[in-house]
Amino acid sequence: MARNVADVLWEMLVSAGVKRCYGIVGDALNPVIDALRRNGNVDFVHVRNEEYGVFAAVADAYFTGAPVAVCGTAGPGVVHLFNWLMDARKERAPVIAIAGDVESSLLDTSALEEMNPYKFFDAASLYTARIVNPAQAQAVIGTAIRTSILEKGPTVLSIPGDIAAAEAVGELDRISIPSAPVLRPSDSDLSRLTDMINDAGTVAIFGGDGCRDAREEVIALAARLKAPVGAINHADLLLMLGTDFPFSEFLPGAKVTKVQIDQDPKHIGRRTSLDLGLVGDVKATVQALLENVREKTDDRFLRKYVAETESFDELKGHYVDNGPGIKPIRPEYLAATLSELASDDAMFFADTGTAVMWLARHIKGGKNRRLFGSFSWASMANAAPNAFGAQLAYPGRQTIAICGDGGFTMLGMGENARHL
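Position numbers for residues start from 1 in each chain and track the written sequence from start to end. In view of the model being predicted, local features appear only for residues whose pLDDT reaches at least 70, and side-chain atom pairs are presented and counted only at 80 or more, with totals across whole chains, interfaces and linings using the full set of residues. With hydrogens and water excluded, all non-hydrogen atoms of the structure serve as input to the side-chain values.

1. A few points about the sheet that holds strand β13 (residues 399-402)
Adjacent strands of a sheet form backbone hydrogen bonds with each other and so pair up, either parallel or antiparallel. Pairing is parallel across the open sheet formed by three strands, whose spatial order is β12-β11-β13. The open sheet has two edge strands with one neighbour each: β12 (370-373) and β13. Taken over all neighbouring pairs, the strand axes of this sheet differ in orientation by 20° on average, direction set aside. One ladder, built from four bridges, connects strand β11 (residues 347-350) with β12; its direction is parallel. In the strand pairing of β12, Ala350 is matched with Gly373. Sitting on the sheet, helix α15 (residues 354-362) is in contact with β11, β12 and β13, with an inclination near 150° to β11. The contact criterion used throughout is that any non-hydrogen atoms of two residues lie within 4.5 Å. Angular values range over 0 to 180 degrees, each being the angle between N-to-C directions of two axes fitted as lines to C-alpha atoms, with helices fitted over their stretch in contact. Numbered from the N terminus, helices here are DSSP runs of H or I no shorter than four residues, and strands are runs of E no shorter than two. Along the sheet face, helix α16 (residues 383-393) touches β11, β12 and β13 and points at about 175° away from the line of β13. Any two strands are treated as partners once DSSP identifies two or more bridges connecting them.

See below:
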């Protein structure tokens, strides 16, 4: 049997590391799903709502670092992908969306369920392509895959059913994904930053997702500088490491010298004025800093804010300590109990809203624990599907969803009942 365009699609996705596809079957996707069946190397996770599938894929892709496919059929099915692809973009998860499309002979005729993928997905997708000729398939599929993996975010491939079923053109090229480059500031910029740190009386660190792969390095830097991770408004010098914290009103003003380090140039200085902004990977940059910054000996600033943190932790414990005697159950007590009983490598997922507050205040993190939510997009109903996707990625590992009533009703109830 001759290879068709849909066969090429799955062969390229598999060679790039795709193991799962979340979605719903529909007429426009029939050739694509049939090719997935023939391929046999991708697990198709059938969900009841495309939105649930993409949220599951976001957690799956974010934590594994491997690309994950999602699909929705033409028109309304494709529209359901949008909100959660926005979440993938904000959380920088490599998700590749396969969007069903009307037959190529009907394009631009306002046919039933027709939509313009370029306009519709513009805000959510790093790269959007519509395959209208088998000869272009490998080029655009390859671009979608590489963009998603290397730039860490969602891409969209819109494929009319007749094109998916058409005979493929040319020999199949295997996908080659280069390793991520080492990115750090220039020696002159690092020297300037080293001088600023050495000259500062007190230093604090405000870390974001960019510190995700630099845990040991950031801890080592904090220890050397006697720098609390926090206390952002009171240090002489604030190091903002891999953070795009959106609430500018909480960031310090001109009295604090601010340095921001981020691998994305667009993040530099967009939340607050800076004294120095540097483009670089946090891990590589901090490794270079550790070779040159002097160790600080005065730990009074650090001890002061450690004490304040411990005091606040005691204050938070009011409803926890008194929890057994309070009816109905307080959410603080519930969250703290979950934290105490959960495994050291448990993965926690919180719906947007007060559930995030209970997660932040009462779920204790750790080297191997993971806390996740729609933190950069703030969508509803993410926790249950996030936990579902993480469980498929890490079978047997504890995944705990802290759901709001609205979010669980919106996506969790019907889908989880189906899988129980």
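2. Re helix α10 (residues 215-225)
Among the residues of α10, those classed as buried are Glu217, Val218, Leu221, Ala222 and Leu225. Down the axis of α10, the sector holding all buried residues measures 135°, keeping them to one side. Residues of α10 that are buried make contact with α9 (187-199), β7 (203-207), β8 (237-241) and α11 (282-290). The positive-phi residue at the C-terminal boundary of α10 is Lys226, with phi of around 50°. Exposure is judged per residue with a 1.4 Å probe applied to protein chains only, and the accessible area is read against the type maximum: over 50% gives exposed, under 20% gives buried, and values in between give partly exposed. Each C-beta atom gives one direction from the helix axis, and the arc is the one those directions make.

3. What to know about the sheet that holds strand β9 (residues 257-262)
Taken together, four strands build an open sheet; the order of strands is β7-β8-β9-β10 and the sheet is parallel. Single-partner strands in this sheet number two, and they are β7 and β10 (276-279). Averaged over all pairs of adjacent strands, the angle between their axes in this sheet comes to 15°, without regard to strand direction. In this structure, β8 lies alongside β9, joined through five bridges in parallel fashion. Its bridge partner lying in β9, Leu237 is registered against Thr257. Sitting on the sheet, α9 touches β7, β8, β9 and β10, and the angle it makes with β10 is about 135°.

4. Some thoughts on α11
Most of α11 sits inside the fold, with seven of its nine residues counted as buried. Among the residues of α11, Val282, Ala284, Thr285, Val286, Ala288, Leu289 and Leu290 are the ones counted as buried. For α11, the elements touching its buried residues are α9, α10, β8 and β9. Of the residues flanking the start of α11, the one acting as N-cap is Asp281, its side-chain oxygen 3.1 Å from the backbone nitrogen of Lys283. Counting of polar contacts relies on pairs of N or O atoms within 3.5 Å, with two restrictions inside protein: one atom must be capable of donating a hydrogen and the other of accepting it, and residues adjacent in sequence are counted only when both atoms are side-chain atoms.

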